[in-house]
Structures are given as structure tokens and as C-alpha cells.
Amino acid sequence: MSAPKYRLAGEPGEGKFYIETYGCQMNQSDSEVVVAVMQEAGFVYTDSLDEADVVLVNTCAIRDNAEQRIWGRLAEFRGVKRRRPWMLVGIIGCMAERLKDRLIEQEKAVDIVVGPDGYRSLPGLVRQAAGGTKAVNVLLSREETYAEISPVRLDKNGVTAFVSIMRGCNNMCSYCVVPYTRGVERSRDAETILAEVRDLFGRGYREVTLLGQNVNSYNYNDVNFAGLLARVAEVSPLLRVRFSTSHPKDFSDELIETMARYPNICRAIHLPAQSGSSRMLELMNRRYTREWYLDRIAAIRRMLPECSISTDLIAGFCTETQEDHEATLSLMREAGYAFAYMFKYSERPNTKAQRTMRDDVPEEVKTARLTEIINLQNELSLASNRAEVGRHVEVLVEGRSKRSADEVYGRTSQNKVVILPRMNFLPGDYVQALITDCSSATLIGVPLG
């Protein structure tokens, strides 16, 4: 047997791994699971690429520009490996699932390829790759894969944390690659979720965000999402609870009523619309109409009048007309979004849209429409923030402001960033504040009392 190609065990400075995360909050949560799995197997986490024997890149495949960033990063790693030939590079996550063959066969810089359901096998695969053989696990599971693993928190503030409550997606939106990269929907045991939340609160965390591709679909042993949300809120009135992401087709009155009963469930809802045109929504296979979506907005405004609403929007989906685009702009005005994630349509391989529709909206038209959407949202965000001026709010301090050492920043229940004088405030403190000024992105406040 030939000698191992890489150094990994036993000597000082070896067996260290570094992880980079791209994409959504779910990927950030997954990276914390990966760190837990690797550390349990005896590897040492480092936040310095220069110290790493193993580099893991947790990837996103939802848009082409996300993948292009990874290809660029791999080119940089090839240069690093010329200087440090023992370093292993692993591509993990959604891009690994989607492009496994290309990564294995063509990409010389990559030694390990692992999909979102294969992280338990990572330590063994790293050791396999250390022997000079490419190591791969891209099998998708039909079960909740990491329910009992306690993630290692990579956040810097020790105040806010993500808690994954489910994996996968069954919605099959025509533009989306997620069901193909993350597999079918499966919910996590509610008791393991509650145990993780209680542990976080006991360690000083004061906010958790429950994560899923569609949290409204959560169901485990007859505990639905509204029931789970209530139980998490009951862990402590000092614990803020958020969730992401909700699908409009499943957003129920029961969920809104549950939020209204618990003041510590944050008054912020992310409700992706994608388009304001019912024709577009049908082509996207979103399974709701413009009218249904606006009914959900009206229900939120009626039962949670202080709630902020954010969204996702796509410009230039297949066959989108100017009339469809105008419908999106009018939906934005009617909903009055506080914030939005806005993108040009990016065709993803093997989705229904790629297989059965033409990406026929010219790039310059997509760009012009996206610019209009962004400009309108900037106006709406500014209007939403101006409405906060003069109000008293509760701010959970998260850390020191980037723009000044004399200031701290935190968030309101509505998920709006507030800048406050530093004084003696520490991360995790709740501060009552008066909002005195704003921009489209930030509120400015002064402490009360």
C-alpha cells in the first residue's frame, strides 16, 4: 500500500479544518452541524485558512452567481495547494449534490464531495482522501439526518442562533433546484428542537430563528408548526423567537393567532411572493394566486398590526411581460414591504423551468425591471423606517457598531437594525429606546430611562 498522500493526524498543527459558508441561513446552520461532527471525530476547528489541513466549502446552488463564486474560490485553492500540497479541499452542500460528477472527474483541486445529507460521513471521507483517493457521499435521505447532533455555534455575538427544524422541500417550484439538492421534506422531532433551544437559552442566547425551506409544513407526531412555535416561545419570555421561511400557500390564521398570543414571537414575517402576477405564479408552480397572497397580507395586518413583512422577488421569469412586471410593482406597494431580497431570474439546470420553458426575457430587460423593483423597495423601506421615528421600541443588543466604537447595534422585534450609543450595553441586553432618525436600512435611537 502506498504511503498516505496527506498529513492529518498525530503531529502538532495537523488535523485542523476550516469551513467557508455560502448561501442561505440553512447553509449556515449546516456548517455548525459539520463542525460538531468533525470535532467529535477528533479534528480541530480553525478560523484561519493558513492553518488548515482540510478546507470545507459549504456551497449554494440556488443561483448561478453563487456557483460562479465557488469556481473562483477553487481557482484560488489550486494556488494554495501548490504551496501546501497536503491540504485537502472538500466541496459540501447543494453544489456538491448538483455537480458531483464534474467536481469528481474534472476539478483537480477537489478531494472530497459531500451532499447535504452526508455530513456524518465526513471524518471517514477526509481520512479516505488523505490516502490519495477522492471521497464522495451524495446520497439523499428520507429521514431527518442530524436531529440529535448539537451544532457548534460559529456566530460571534453569542446572542442569536439558528435552529434547523426540518430539511428538504416538496414544493417543486418550477425555477428552484432545492428539492433536487436537499431531497424530500422531513421534520425533526419536536423534543430535540426544544432541548436545543433550552440549551441555547441556558448558555446566554436570547434569540433563535427556526429554519426550514417551508416551516409552515412542519409536522412531527401531530405537532404542527403553530404548536411547535408556541412550545419554543414558552421556553422563556426573555427568548425572542423568529422563523424562516414561510410559504404563502400554507400560511394559516392559526399561525398568526399563535404569534399574537406570545409577545416574544417576533413581529416579523418573511413571506416570499416571487411575483405579483397570478399568471407568473402559476408558471412558477407556486400554488397560490395574487388574491390569496394579498388575503394573507390582510390577515397579518388585521391580527398583527405592528408586524413587519419582507419578501423575495424574481424579475424576468420565463415569458414575463411588462404587465406582469407592473403587477409585481403594484403588489409591493399594496403589501408595503419593510425589506426584500430581489433577483433576476437565473435558469438552473434540471428544474422544470429549464426543461419545459424558454428563458426568453432579454438580459437588459431583466436588469431594467430589477432596477425598478430595487428602487421601489428602497422607497418602501424608507417609508417603513420613517414610520418608526418617534416610537418607543425594545432593542436586543447584538454587538458593537461597525461604523463607530462608541455605538452598538441591535434589532427590534420587527427585525429592524437600530444604532444606539454604546454606554455600558453588552450583547444580549434588552434596551428600551426612542427612535429619533432613520435611513432606508437603519434606525437611530437613544436609550430611555
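Residues numbered from 1 in each chain as written. Predicted model: local features only at pLDDT ≥ 70, side-chain atom pairs only at ≥ 80, totals over all residues. Heavy atoms only, no water.

Peer 1: Help me out: how do you make sense of the overall build of the protein chain in this one?
Peer 2: Scanning the protein chain from N- to C-terminus turns up 14 helices and 21 strands. Taken over C-alpha atoms, the radius of gyration comes to 23 Å for the protein chain, in line with the 22 Å a tight globule of 449 residues would show. For the protein chain, the C-alpha atoms occupy an extent of roughly 70 × 55 × 45 Å along the three principal directions. Residues counted as buried form 56% of the 449 residues belonging to the protein chain. (Helix = DSSP H or I, 4+ residues; strand = E, 2+ residues; numbered from the N terminus. Rg over C-alpha atoms; globule rule 2.2 N^0.38 Å. Buried < 20%, exposed > 50% of the residue type's maximum accessible area, 1.4 Å probe, protein only.)

Peer 1: What should I look at first to understand the pairing of strand β16 (residues 339-344) in this one?
Peer 2: A regular strand carries its side chains on alternate faces of the sheet. Two elements, strand β15 (residues 308-315) and β16, share six bridges in a ladder whose sense is parallel. Pairing of T311 across the sheet is with A340, part of β16. Taking the sense of rotation as the criterion, the β-α-β connection linking β15, helix α12 (residues 322-335) and β16 turns out right-handed. (Pairing = 2+ DSSP bridges. Right-handed = clockwise from strand over helix to strand, strands pointing away.)

Peer 1: What am I meant to see in the packing of helix α9 (residues 253-261) against helix α11 (residues 290-303) here?
Peer 2: When two helices pack together, their arrangement is given by the angle between the helix axes and by the axis-to-axis distance. Between α9 and α11, the shortest axis-to-axis distance is 10 Å and the interhelical angle comes to 25°. With respect to each other, α9 and α11 are oriented roughly parallel. As for how α9 packs across α11, the hand of that crossing is right-handed. Only R296, A299, I300 and M303 of α11 make contact with α9, whose side of the interface consists of D253, I256, E257 and A260. Among the residues forming the contact of α9 with α11, the class breakdown is five nonpolar, no polar and three charged. (Axes fitted to C-alpha atoms, helices over the stretch in contact; angles between N-to-C directions. Parallel < 35°, antiparallel > 145°, perpendicular 65-115°, else oblique. Left-handed = near helix turned anticlockwise from the far one by under 90°. Contact = heavy atoms within 4.5 Å. Nonpolar A, V, L, I, M, F, W, Y, C, P; charged D, E, K, R; others polar.)

Peer 1: I would appreciate a short explanation of the sheet that holds strand β1 (residues 16-21) in the present structure.
Peer 2: With parallel pairing, six strands are arranged side by side in an open sheet as β2-β1-β3-β4-β5-β6. Two strands in the sheet have a free side with no partner beyond their single neighbour: β2 (44-45) and β6 (135-137). Sheet strands in contact with helix α1 (residues 25-40) are β1, β2, β3 (54-59) and β4 (88-93), and its direction is about 170° off that of β1. Helix α5 (residues 122-130) contacts β3, β4, β5 (112-114) and β6 of the sheet and is inclined by roughly 160° relative to β5.

Peer 1: Explain α1 to me, please; I cannot follow it from the model alone.
Peer 2: Every α-helix winds through 3.6 residues per turn, so residues three or four apart in the chain are directed the same way. For α1, which comprises 16 residues, the first-to-last C-alpha distance of 23 Å matches the rise-based estimate of 22 Å (1.5 Å per residue) to within 8%. Most of α1 sits out of view: 12 of its 16 residues are buried. Every buried residue belonging to α1 is among M26, N27, S29, D30, S31, E32, V33, V34, V35, A36, V37 and M38, and all of these are buried. After α1 finishes, the residue G42 shows a positive phi value of roughly 100°. (Expected span 1.5 Å × (residues − 1).)

Peer 1: Looking at this structure, how should I read the sheet that holds strand β19 (residues 417-421)?
Peer 2: Across a sheet, paired strands are connected by hydrogen bonds in the backbone, their directions being either parallel or antiparallel. As summarised here, the arrangement of the five strands in space is β17-β18-β19-β21-β20, forming a closed barrel in which the pairing is mixed. For this sheet, the mean inter-axis angle between neighbouring strands, taken without regard to orientation, is 50°. Looking at chain direction, strand β18 (residues 407-411) and β19 are connected through five bridges and run antiparallel. For E407, the partnering residue across the bridge sits in β19 and is P421.

Peer 1: I would appreciate a short explanation of the side chain of E32 in the present structure.
Peer 2: Here E32 shows up in helix α1. Look at E32 and you get buried, because its relative accessible area is 6%. Looking at E32, its side chain comes within polar contact range of the side chain of R153, at 3.1 Å. Those residues in contact with E32 that sit more than four places away from it in its chain are P151, V152, R153, L154, D155 and F162. (Polar contact = N/O pair within 3.5 Å; in protein donor to acceptor, adjacent residues only side chain to side chain.)

Peer 1: Just checking my understanding: could you explain α11 for this structure?
Peer 2: An ideal rise of 1.5 Å per residue puts 20 Å on 14 residues; α11 measures up with 20 Å between its terminal C-alpha atoms. Buried within α11 are the following residues: R290, Y293, L294, R296, I297, A299 and I300. Buried residues belonging to α11 abut α9, β14 (268-270), α10 (278-283), β15 and α12.

Peer 1: Looking at this structure, I do not really get the environment of G72. What am I missing?
Peer 2: Within the secondary structure layout, G72 lies in helix α2 (residues 64-83). Taking the C-alpha atoms as reference, G72 lies 41 Å from G202; in sequence the two are 130 residues apart.

Peer 1: Is there a simple way to explain the side chain of S401 in this structure?
Peer 2: By the element assignment, S401 lies in the loop between β17 (392-400) and β18. Of the polar contacts made by the side chain of S401, one reaches the backbone nitrogen of R403; its length is 3.2 Å. Apart from the residues lying within four places of it in its own chain, the contact partners of S401 are E407, V408, Y409 and I419.

Peer 1: Hey, could you run me through the pattern of salt bridges in this one?
Peer 2: Side chains that differ in sign of charge can pair as their charged atoms come close. Enumeration according to the criterion identifies 33 salt bridges in this entry. Residue R167 is joined to D117 by a salt bridge in which the shortest nitrogen-to-oxygen separation is 3.6 Å. With a gap of 50 residues between them, R167 in strand β8 (residues 166-167) and D117 in the loop between β5 and α5 connect regions that are remote in the sequence. In this structure R167 comes out as buried when scored by relative accessible area, which is 4%. One salt bridge connects D250 with K249, and the closest N-O pair in it is separated by 2.8 Å. Look at D250 and you get partly exposed, because its relative accessible area is 28%. Looking at K249, the relative accessible area reads 21%, which means it is partly exposed. By sharing partners, the salt bridges in this structure join D30, D117, R167, R182 and R186 into a single network. (Salt bridge = Lys/Arg side-chain N within 4 Å of Asp/Glu carboxyl O.)

Peer 1: Hey, could you run me through the nonpolar core in this one?
Peer 2: Within soluble globular proteins, side chains that are nonpolar tend to cluster in buried spots. Counting 57 residues, the largest nonpolar core has F225 and F243 as its most contacted members. Those residues in contact with F243 that lie beyond four places of it in its chain are T209, L210, V215, F225, L229, F251, L255, M259 and I269. Among the nonpolar cores identified, the runner-up in size contains 24 residues, and F17, V37, I92 and A130 belong to it. (Core = buried A, V, L, I, M, F, W, Y, C linked by side-chain atoms within 4.5 Å.)

Peer 1: It is not clear to me how the pairing of β18 should be interpreted in this structure. Could you clarify?
Peer 2: Judged from the four bridges that link them, β17 and β18 form a sheet pairing that is antiparallel. When the sheet's bridge partners are listed, L396 is paired in β18 with R411. Once β17 ends, the chain turns through six residues before running back antiparallel as β18. From the end of β18 to the start of β19, which pair antiparallel, there are five residues, and N415 there has a positive phi angle of about 70°.

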